[in-house]
Structures are given as structure tokens and as C-alpha cells.
Amino acid sequence: MRGRPRGILLTLFLLWLVVYPLLMVVLDSVRGPSGWSLAQVAEFGRTPEEWQALWGSLWISMVSVVFAGAIGIPLAFVFERMEFPGRRILGALVALPAVLPPLVGVMAFLFLYGESGFLSRIVKGAFSLEDAPWRLAGAPAILLVHAYSMYVYFYLFTRAGLAKVDSSMIEAAQSLGASRSSTLFRVTLPLLGPQIIAAALLTFMTSLGSFSAPYIFGGGFRVMTTQIVSTKLNGNDAMAMVETVALAVVALVGLALFRWTSSERSVAAVGKGAPPARKLEQPVARWLAAVVGWAVAVVVLLPHATLILISFVPMRTWTTQLMPPVYTLGNYGALIREPERLRPLINSLWMAVVATVAALAVALWAGRAIVRRRVRLARVIDILTNVPWAVPGTVLAIALATTFSVNAPWAGRWVLVGTFFILPLAYLIRNIPLTAGPVIAGFRQLDPGLDEAAASLGASRWATLRRVTMPLLRPALLACGALAFATAVGDFVTSIVLYTFETRPISVEILSALRQNDIGIAAAFGVVLMLVSAGAMAVGTSR
Amino acid sequence: MTFLQVVNLTKRFDEQFAVRDVTLGVTRGTVLALLGPSGSGKTTTLRLLAGFERPDTGQVLVDGVDVTAETPVSRRFGMVFQHYALFPHLNVGENVGFGLSGRSPEARRARVAEVLALVDLAGFEARAVSELSGGQQQRVAVARALAPEPRVLLLDEPLSNLDPSLRERTRRELRAALDKAGVTTVFVTHEQDEAFALADRVAVLRDGRLEQEGTARELYDMPATLFVATFVGRASILRGTLIAADRARLAEGVEWPVRPSSNVRQGGPVNVVVRPEAVRFAPAGLPGVVTECRYTGARAFFQVEVAGGTVELEAPIDGARVGDPVFLTVSSAHAFPVEP
């Protein structure tokens, strides 16, 4: 079979990229200064703080799923099934937390709900308090940010599912005498099962790997991701390896549990299509739905608005006033004029572009191998492209830091840490699941006859890819490319472990601006990131 | 002279023979049909010709040169796909011009206009593929395959995607376009009508083997096997004994004349294949009972139960009624002995 060597090359490449670094971490976790040793593992088991962190990660993730679901699912029903003024535009606005990179979202929450944020100042002013009425810290703060940024998964997945639920099933239930609520619980929700489980899994994995919120708000509250980074920064590399393995194991167990519960429920609902949105006839109900919709939109947009407002505030001009007294464009000017500020902007952009293009190339390679050439290793390649998704960003970062700090070309290891290559490589690995999934699915929908037609007309493999395959996959390539780019450009979790001063990205610069209390500059960076992400998404979803 | 040659072509998929030892030749500028039921290996043969599949053994030669090892890209064969495989992101002109990338823009435009005129679609360059009817899409696919002046044109079930009402017209147009282009052509079909109307010669395939190759007339009048006899045209089969080179004895001692054949041993068992138009009602002959009568206009198809089988015949409507006892005779030109 001619396809065989090609499949092997791609498989080896993916193994090196996504599995090998993880293997190195596992090995290092059981290796002491003098050979194999379980000393670190034993120490991990003895230390209560480690167990606290692990438990913290776990329960925060589970509660995040509950909160995000409790917000996202009802919202999806409101916007998919009810017709009221402003439904369309509000339905789109509600998905906006998705364009906020995690660190930027956390920063916006800090400015809005933090000790010296707007809400705190209003309450303080209203009740003439001496001190801030609350502190935004610990588990509640983390959960607040998670619920805000992750309900979008439930919202989008449930809406997509609702749009596919066949209206004749609902009519069938009603003709059998089921009331509206019993139709909801006995027909609609069970049909949505796969979507809701998928959203829950995504939320769980994202919370487990969440770093920005616990890092900024955690304080004394321990979760595994921040624990790993602080152990690593304290120079205890061996313990960091054990912690990394522990977090990876929890992630894989979680993934396996979700797969196991969802394996038996794949329901195909094809038929007449979804019922039309119900027009609310009663004026009261109409207004109520509209008010709820608008209220949600305002809450969702407040962080974005806060960020934009603060980005116009020069340093040290806003002290005790309720609203900032001075607004200028100075912060944005500084981003462009000062080479030290411009540098992270350029870094983030080029690294994200390189990582996205590379991830798209890997996805096309995998799609061709799996769908067109039907190589024997297709199943393995498919799984390998999904592995990075199951691995929290901190785990990946530590794995890369370990693997590529040694020069052993014969073992596929080079010293990349501290060079220009390590961050684009990390972004690439995180992007592969985002691009491979849609591109492989796109390949499956292409008529294989088109490739043969091109070949019979004398087009080479590359010419066919350029002139036929890529134009036809354009919507998928644009959409997943935009998502990958937005993810890479806003990355914080891997960057904080792997950056150097020369390659520092925007997120790291935001953090240092925050530390210097230069909130205007931090917000301006945040707005730029937000606009770049939103712009990429707009391009990605345009037809 | 033979332009395209296939020598001992064999292809297996998972130990299953798809094409088995097929040898064929096509004269320059003529049209060959590969005719057979589904699973007969005709599409695999076409894909082996195109280079999309590699034969396990055997060769494909063009003008005496072995091209078996060449890729589809370098083979310069044009192909028309069953579902046309038109590029949905390109318009008609861009589709037709796809294979002309080496030429200057003017030469390209001119060639596109030329082949579109050939298939009667002059001026359709700017149309979107999705705006076209099925028949028009089929002609665009033909024009696209012809544009780079292929050495051989291959068509996979070219008419199977069209409405029956459109097929006859499209068939005529396709034949006219092939004649004008003068290209050596091989096409695949499972419909005998299509093979006979479009092709100069027809190769009948069954289970991956070549059963017979010849003109439509040769296949109809002198089928080499029972399969060809029944697959090409309607036929009834009667068992009997070959008592002389040109006589067979059927059930109840009735003797029928048959066309002389060297394929069957004299004195041995034989299958006599008769065409419906060769059988007549007669005052004496093979006795039987009419079991069915289907009107087709001025004439009707009758089914007659005889000892050892059923005979189909075409006769004037008033020839007999269902239930009538009848006698049948045959003209030797359309009764042929085939080995059982």
C-alpha cells in the first residue's frame, strides 16, 4: 500500500509533538538526582497542600459546570424558542464573552467588581464606607469568572441542539397528551443530552486548566495549575513534574468519565427541522422576555465596556473619585510609540500567525491522510490530533519546558526554551485540536471525485490542494483558523511558563502593567486583544 | 490501428478479483463501451485505465507505449465522472479551463469557447455550475475533459444521472460531440441501449472477466456465451441436444434449425437461445400455452409456456390470447446454440 509510509511520517510527527513531551514529564516525575526514585511522589502524597490544590481544581471545575449550565441552558431556550424585540442582536451579544481572552476577562472583572472597581466604588459612595465593601478573591471570585466566560459553551451548544430537534417529535409528544413542561423534560432535554454533555465536558476541561482567574484572584486558595507554576518558579522542578502528572491524570480521568457517560446516547433527530420560535402573544410576557434579554446583554457587556473606558485613563489620575476624571488616547499612543510596548504586540501577532498557519497545515495533512488516502493509522492520527485538547495548558507548558531544555537531537530534543521557537510551538500544539477537527470533517464532506477530476486534468497534488481542496474548505479553514488565531494571540497559561523577555506576548505585558499598577496600559492592551480576537472571529464566520 | 491497448489486466481488492485478465484494444478515434451489470468490474477497468487504481498485473499501452506506471496526472487521459465532479467554486468557463493552466490567457479563453461550442454551450462561460440543468452539467463535464485535448477520453456512466426523458437527446448530442472531437473514447454503462447507440464496439464484462467484444450486431447476432445472449437484448433459452451442426432437438422431439456454430459439440446437450422477434406462431412446431400478453402498441409480447421453459415472442396483437394452445417455429438466423 502506497499510503503507508506517509501515514507513518505524520503519526511520528504527531507523537513527537503531542505525546513525547508528556512522556518526558512522566519520566522526570519518577527520576531523582541519582536514578529512578519515587521520593517526590511520596512527598506529594504526604503534603496536605498538594491534596488541597488537587481537590480545589476538581470541585471548582464541577461547580463551574453547574453554574455555567444553569445560566447557559435557560438562555439558549429563551433566545431559540421565544420571539421578542431585539432577539437577533441580543442573541449574538450574549456570545460575546467568547471573544475575551481569559486574562483580559479576569482583568475586566478586577476593574469592574474588584476592591477598587466601579461597583465597589458605587457601593462605597452610596453607603459612605471607609473601606472597600468586599474583596474579589478566593473561590467565589474564580467561580464568578468561570460562570461568566463558560456559560457561552452551554448557550451555543444548546442553541445548536435546539435548532436540530425535530418539531414533529414535540408535536408527537403533545398529541400524546404531554403538557409543555413534561414535553420539555421527557423529550426535548433528553434529545439535547449529547449537546449538554459536550458543553459540560468542555467547561470541565477548561476550568480544570484555567489559570488566569486563580492566578489573579486565588490568593491563598490553591488549585493545581497555579500550584505547578509556583513550584516551578520556586525551583523545585521535580515536584512540579509530579504535580503536572497529577493534573494530567485528573484531566484524563475526567475526559474518560464524560466519554463513558455519553457513549450510549447518540440520538439522531432528523426530520422536519426545528419548530419556529414561539411568538410571545401576551404583551407582558413579551416585555418580560425583552427585559431579561437586555439585562443579560448589559451584564455580559459591562466587562468589555469597563475595559474600554479604563483604557482611556492615564496613569495615576484616578484615585478616589467614583468615575475617572481624565480621559486621553495616551495609552494607545504609548503602545505604538514606545518600542518596549510595541514589542509584545508584534510578538503576539507573529507568533499567533505562525502557529495558526502551521496548525492549519497539520490539519490539512491529517485530513488528507485520514480521509483521502485512508492510511492504516487513520484512527491513531485522529486521536493524536485530539490529545492536546485533553491536556491543561500548564501541563503542556511544563512538558515543553522539560523536553526542550535538553540538547539531544538523536532523541528528538533540542534546546528551544529561551528561543524564538518555543512559544509558537506551544501555540501550535494547543491549536491542533481546534483546526484538525473541522478540517477533517470538511474533508469528509468533499466529493473525492473532485480530486480525481483535477488529477485527470493534469493538476499535481499541490495544484489540486491549492486550486480545489483549499477553496472548497475555505469556510472551515477560515472559521477554525480564526478560532486558533484568537486562542494563540490571547494565550497566557503557556506563555507565563515559557516566555523570555525578547518573546514576551501581550498577556505577559498586561500582567507586568497590572503589577506596576499601570491599569490604563493594561486595559489598552486588553482592548487591542479583544478587538483582534473579535476581528478574527468576524473574518472567520463571514461567508 | 489499435491506439489504446489493455493487456492481461488484473486487479484484486482484498483477495477478491475485481478485474481478471482482461485484454482489449481500441482503434484510434473510435468509441468502446464497457457493458456489464454492477459488480462486473467495468468501473474498475475504467479507473485502471485512468490511473486512479494500479493493476496487480497487466499493462495499459497508448500508441504502443506502456503507461501503466504513469500517474493520472501524466497520463493525459480525460475523464467524465458519473456525478460529473464539477468544481462547485468555479464557474463554467473556469471549470472548462481548469486543465489548460499551461496556456496564455487568450489561448485559454479561445479553447474554452471552442469546446463549449462543441457541446452546444457557447457563451455559457460565466454561468455558475449550480444554475445548470443536469444535461448541461453533463456537457460541461465533457467539455472540461476534452479541453486539454486528451489522448483518450473516459466516461463513467455518462447518462445514468439524467432523467430518462433527457437521455436520448443527450446521447445523440454526446455522440455528435465525440465524433467532432475525434477522440479515442472508452465509456462504462450497464445499459445495453446506451452501449449500442453510443459505441462503435462493445465489450461485455461479467465478474471481472471479458465475455465478448465486438460490434453491437456481432453481440446480438452471435453471442459467444449464454450470459452475453441474455444480457444483450431479450432472449429465451431452451434446453435440447445438438443433433447436427445446424439442427437442435428440443423437448417432445421437435427439431428447430439453429445457426451453425463451432462452439458446441455435436450430439451433446445444448442451450438454444432465441430472440423474441425470431419466434412465430405457426400451425405446427413446438407446442405450448400462452400465459401472458403485454401490449406495446401495434404488436405485443407474448409469454408461452413450453416443455422445459418459457419462450418470449413478439407478434401482432391478434396472434393469440392468454390460455390458447399454440405452436411455435423459429427462423434460424436468430436461434443460436450455446454451450450449457
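Along each chain, residue indices are assigned from 1 in the same order as the chain's sequence is written. Going through the entries in the order they are written, you letter the chains from A and number the ligands from 1. Where local features are concerned, this predicted model is filtered to residues with pLDDT of at least 70; where side-chain atom pairs are given and counted, the filter is 80 or more; whole-chain, interface and lining totals use all residues.

### A short note on the overall build of chain A
Applied cut-off: Numbering of helices and strands starts at the N terminus; helices are DSSP runs of H or I of at least 4 residues and strands are runs of E of at least 2. Radius of gyration means the value over C-alpha atoms here, while the globule rule gives 2.2 Å times the residue count to the 0.38 power.
Check the secondary structure of chain A and you find 23 helices and 4 strands. A compact globule built from 543 residues would reach a C-alpha radius of gyration of about 24 Å, and chain A, at 25 Å, matches this within 12%. The C-alpha extent of chain A, read off along each of the three principal axes, is 75 × 70 × 50 Å.

### What to know about the overall build of chain B
How we decide: Residue burial is a threshold on neighbouring C-beta atoms within 10 Å of the residue's own C-beta, all placed from the backbone, with 20 or more meaning buried, 12 or fewer meaning exposed, and counts in between meaning partly exposed. By the criterion used throughout, residues are in contact when their C-beta atoms, derived from the backbone, lie within 7 Å.
In terms of helices and strands, chain B carries 9 helices and 20 strands. For chain B, the spread of C-alpha atoms along the principal axes amounts to about 75 × 45 × 35 Å. Across the 340 residues that make up chain B, the buried fraction comes to 40%. Pairs at least 24 residues apart make up 66% of the contacts formed inside chain B by residues separated by at least 6 positions.

### Brief notes about the interface of chain B and chain A
Threshold: Asp, Glu, Lys and Arg are counted as charged, while Ala, Val, Leu, Ile, Met, Phe, Trp, Tyr, Cys and Pro are counted as nonpolar; the rest, among them Gly, fall into the polar class.
Facing 17 residues of chain B, the contacting portion of chain A comprises 14 residues. Listed by contribution, the elements that provide at least two residues to the side of chain B that touches chain A are α2 (72-75) and β6 (77-80) of chain B. Among the elements that line the side of chain B that touches chain A, the one with the most residues is β6(B), at 3 residues. Grouping the constituent residues of the side of chain B that touches chain A by class yields 11 nonpolar, 4 polar and 2 charged.

### A look at the pairing of strand β8 (residues 184-189) of chain B
All names here are of chain B. Stated precisely, the cut-off is as follows: Two strands are said to pair when DSSP picks up at least two bridges between them.
Most of β8 sits inside the fold, with 6 of its 6 residues counted as buried. Across 5 bridges, the pairing between strand β3 (residues 31-35) and β8 is parallel. If you follow L34 over to β8, its bridge partner there is V188. For strand β7 (residues 152-156) and β8, the ladder comprises 5 bridges, and the chain directions are parallel. Paired with L153 across the strands is T185, a residue of β8.

### Topic: the sheet that holds strand β9 (residues 201-206) of chain B
All names here are of chain B. Under the convention used in this document: Only the contacting stretch of a helix is used when fitting its axis, a line to C-alpha atoms as for every element, and angles between N-to-C directions run 0 to 180 degrees.
Taken in spatial order, the 6 strands make up an open sheet running β6-β7-β8-β3-β9-β10, and their pairing is mixed. Either end of the sheet is taken by a strand with one partner, and the two such strands are β6 and β10 (209-214). If you compare each strand with its neighbour and ignore which way they point, the axes differ by 20° on average.

### Thoughts on the packing of helix α14 (residues 330-337) of chain A against helix α15 (residues 339-372) of chain A
All names here are of chain A. Stated precisely, the cut-off is as follows: Angles are sorted into four bins: roughly parallel if under 35 degrees, roughly antiparallel if over 145, roughly perpendicular if 65 to 115, and oblique for all others.
For the pair α14 and α15, the least separation of the axes is 5 Å and the interaxial angle reads 75°. Taken together, α14 and α15 sit at an angle that is classed as roughly perpendicular. Contacts between α14 and α15 pair A334, L335 and I336 from the former with R341, L342 and L345 from the latter. Class assignment of the residues belonging to the contact of α14 with α15 gives a composition of 5 nonpolar, no polar and 1 charged.

### Things to note about the domain arrangement of chain B
All names here are of chain B. Formally: Domain start and stop points were drawn from an automatic or database domain assignment.
Domains assigned within chain B are domain 1 (2-226) and domain 2 (234-338). The centre of domain 1, based on its C-alpha atoms, is set 38 Å off from the matching centre of domain 2. Between domain 1 and domain 2, the contact holds 4 residues from the first and 5 residues from the second.

### Quick look at the sheet that holds strand β4 (residues 57-62) of chain B
Residues and elements named next belong to chain B. Overall, antiparallel pairing links the 4 strands, which are arranged β2-β1-β4-β5 in an open sheet. Sheet topology places β2 (16-27) and β5 (65-66) at the edges, where each strand pairs with a single neighbour. Sheet topology places strand β1 (residues 2-13) next to β2; 8 bridges connect them, and they run antiparallel. Bridge pairing links V6 to L24 in β2. On the sheet, helix α1 (residues 42-50) packs against β1, β2 and β4 and is oriented at approximately 65° with respect to β2.

### Focus on the confidence of the model for chain B
Operational definition: Think of pLDDT as the predictor's per-residue confidence, scored from 0 to 100.
Considering every residue of chain B, the mean pLDDT works out to 88; 100% of them sit at 70 or more. Complex prediction metrics read pTM 0.80 and ipTM 0.78.

### Notes on unusual backbone geometry
All names here are of chain B. Although it is not a glycine, E15 adopts a positive phi angle of roughly 70°. Of note in the backbone geometry, R76 takes a positive phi value of approximately 55° without being a glycine. Within the secondary structure layout, R76 lies in the loop between α2 and β6. Residue classification places R76 among the partly exposed positions, given that 18 C-beta atoms sit within 10 Å.

### Considering helix α13 (residues 283-310) of chain A
Residues and elements named next belong to chain A. Basically, it comes down to this: By definition here, a helix of n residues has an expected span of 1.5 Å times n minus one. The reported bend at a residue is simply the angle between two axes, fitted to the 7 residues ending at it and to the 7 residues beginning with it.
Counted at 1.5 Å a residue, the expected span for α13 with its 28 residues is 40 Å, and the 39 Å between its end C-alpha atoms agrees. Roughly 40° is the biggest bend found in α13, and it falls at L301, with proline P303 one to four residues downstream. Taken together, the buried positions of α13 are occupied by A289, G293, V300, P303, H304, T306, L307 and I310.

### Here's the deal with the nonpolar core
Under the convention used in this document: In these notes, a nonpolar core means any group of buried Ala, Val, Leu, Ile, Met, Phe, Trp, Tyr and Cys residues linked to one another through C-beta atoms within 7 Å.
In this structure, M107(A), L400(A), A426(A), V439(A) and F525(A) are the most contacted members of the largest nonpolar core, which totals 158 residues. Here M107(A) is in contact with I510(A), L514(A), A522(A) and G526(A), once residues within four sequence places are set aside. Formed by 101 residues, the second largest nonpolar core is a distinct cluster that contains L154(B), V186(B), F187(B) and A195(B).

### A word on the pairing of β3(B)
Residues and elements named next belong to chain B. For β3, a buried count of 5 out of 5 residues is recorded, marking the element as mostly surrounded by other parts of the structure. Covered by surrounding structure in β3 are V31, A33 and L35 together with L32 and L34, the residues of both alternating faces. Across 4 bridges, the pairing between β3 and β9 is parallel. Bridge pairing links L35 to V204 in β9.

### Structural notes on the environment of H89(B)
As for its placement among the helices and strands, H89(B) is situated in the loop between β6 and α3 (92-96). Residue classification places H89(B) among the partly exposed residues on the basis of 16 C-beta atoms within 10 Å. Along the primary structure H89(B) and V129(B) are separated by 40 residues, whereas in three dimensions their C-alpha atoms are 8.4 Å apart. Apart from the residues within four sequence positions on either side, H89(B) is in contact with P471(A) and L472(A).

### Describing the confidence of the model for chain A
Residue and element names in this part refer to chain A. Of the residues in chain A, 94% reach a pLDDT of 70 or more, and the chain-wide mean stands at 83. Mean pLDDT across the elements of chain A bottoms out in strand β4 (residues 278-279) (63) and peaks in α15 (90). Note on residues 266-270: pLDDT is under 50 here. Beyond four places in sequence and across chains, it has 10 contacts.

### Side note on the environment of V228(B)
All names here are of chain B. Assignment of secondary structure puts V228 in helix α9 (residues 226-231). When the C-alpha positions of V228 and G36 are compared, they lie 9.3 Å apart, and in sequence the two are 192 residues distant. Sequence-distant contacts of V228, that is, excluding residues within four places in its chain, are made with V204, E211, Q212, L219 and P223.

### Here's the deal with the environment of L48(B)
All names here are of chain B. Here L48 lies in helix α1. L48 sits 37 residues away from K11 along the chain, and the two C-alpha atoms are 8.4 Å apart. Each residue touching L48, except ones within four places of it in the same chain, is listed here: L9, K11, V19, E53, P55 and V60.

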